[in-house]
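One letter stands for each residue in the lines below.
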Amino acid sequence: MQQDSTTFDVIVIGAGMAGLCTALEAARSGGRVVLLEKTERYGGSTRMCGGAFAFAGTQVQKKNNIPDSAELLEEDLLKAGKYRNDKALVHVYAQRQYEAYEWLQSLGLQFDKVSLSGAQSVPRNHSIDPGVVLETLHDAAVAAGVAYRSHAAVERLVTAGEADQRRVIGVGRAGGERLHAT
C-alpha cells in the first residue's frame, strides 16, 4: 500500500535544535514525521550560537570537583532574571535539564569542558561545537525516518473547526502545497 506523500502524523516547522529534537523523538515514537526548514540548511539560530549548555550535577562538573545541583541552578536562573521570570517554567527546566544532558550524550555527543559565565554561581556552561550537535541530531533524525525538506517555508497553518473546537490539521506552503497532519 502506497502512503500519501502529503499526510504525516507530525509536521515540524523549523530545523533548528528544537525542531530536530522534536522530529527525532516523534519518529522514535513511531510517528510519520516531516521536518520543514525554510532555508537551504538546517540549524537555525543554533548554528550561530556559542554552543554552551547550562547543566547542573554532571560528570564533567564532578570530575572537576564542582558541586552543583538542580536547586542551585534554579536559584541562579531566577536571580539572573531578577525574579521576574516564570518560576514554574524555571523549576521544570532545572529539574529536567539533567535528562536533556543524558539524552544528548546517548546520541554520542560528548561534553568535556565546563566554564563559568553570566550570573551562574558555579561553572556549569558545558561547551560543545554547535555544528557537531546539529549534524548529530540531523543524522539521527534522518536515520529514524524523518522526511527532511529544505527550502520548505510554511506560509500558514491549516485549521479546522470553530472556537474551542478549532485545531491545526496541516500547513500551507508556497505554491499552494498543503501538508496534512493527523
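Coordinates for the structure precede this section.
Reading the values: rules and limits
- Residues numbered from 1 in each chain as written.
- Predicted model: local features only at pLDDT ≥ 70, side-chain atom pairs only at ≥ 80, totals over all residues.
- Heavy atoms only, no water.
- Helix = DSSP H or I, 4+ residues; strand = E, 2+ residues; numbered from the N terminus.
- Buried < 20%, exposed > 50% of the residue type's maximum accessible area, 1.4 Å probe, protein only.
- Contact = heavy atoms within 4.5 Å.
- Areas by Shrake-Rupley, 256 points an atom, 1.4 Å probe, with all protein chains shown as cover.
- Polar contact = N/O pair within 3.5 Å; in protein donor to acceptor, adjacent residues only side chain to side chain.
- Pairing = 2+ DSSP bridges.
- Salt bridge = Lys/Arg side-chain N within 4 Å of Asp/Glu carboxyl O.
- Axes fitted to C-alpha atoms, helices over the stretch in contact; angles between N-to-C directions.

## Thoughts on the overall build of the chain
Point 1. Helices and strands together make up the secondary structure of the chain, namely 5 helices and 10 strands.
Point 2. Dimensions of the chain along its principal axes, counting C-alpha atoms only, are 55 × 40 × 30 Å.
Point 3. Going through the 182 residues of the chain one by one, you find that 37% of them count as buried.
Point 4. Taking the contacts inside the chain whose residues are at least 6 apart along the sequence as the reference set, 63% of them involve residues at least 24 apart.
Point 5. For the chain, the computed accessible surface area is about 10,500 Å², with 52% contributed by carbon and sulfur atoms.

## Things to note about the side chain of R124
Point 1. Residue position: R124 is located in the loop between β5 (114–115) and β6 (125–127).
Point 2. Overall, R124 belongs to the buried group, its relative accessible area being 0%.
Point 3. Among the polar contacts listed, one links the side chain of R124 to the side chain of D76, at a separation of 2.8 Å.
Point 4. Excluding anything up to four places from it in sequence, R124 contacts F53, A54, F55, A56, Q61, D68, L72, L73, D76, V114 and S115.

## Looking at the sheet that holds strand β9 (residues 167–173)
Point 1. With respect to topology, 4 strands assemble into an open sheet ordered β1-β10-β9-β8, the strand pairing being mixed. Bordering the open sheet on either side are β1 (7–8) and β8 (154–160), each of which pairs with just one other strand.
Point 2. Both β8 and β9 contribute to a ladder of 6 bridges, which runs antiparallel. Note that in β9 the partner of A160 across the bridge is R167.

## Remarks on the pattern of salt bridges
Point 1. The final tally for this structure, using the stated rule, is 7 salt bridges.
Point 2. Of the charged contacts in the structure, one is a salt bridge between R173 and E177, with a shortest N-O distance of 2.3 Å.

## Structural notes on the sheet that holds strand β3 (residues 33–36)
Point 1. Spatial ordering of the open sheet is given by β2-β3-β7, a layout of 3 strands whose pairing is parallel. The open sheet is flanked by β2 (10–13) and β7 (147–149), the only strands paired with a single partner. Along the sheet, successive strands turn relative to each other by an average axial angle of 15 degrees, direction set aside.
Point 2. Against the sheet, helix α1 (residues 17–28) engages β2 and β3, with an angle of about 170 degrees to β3.

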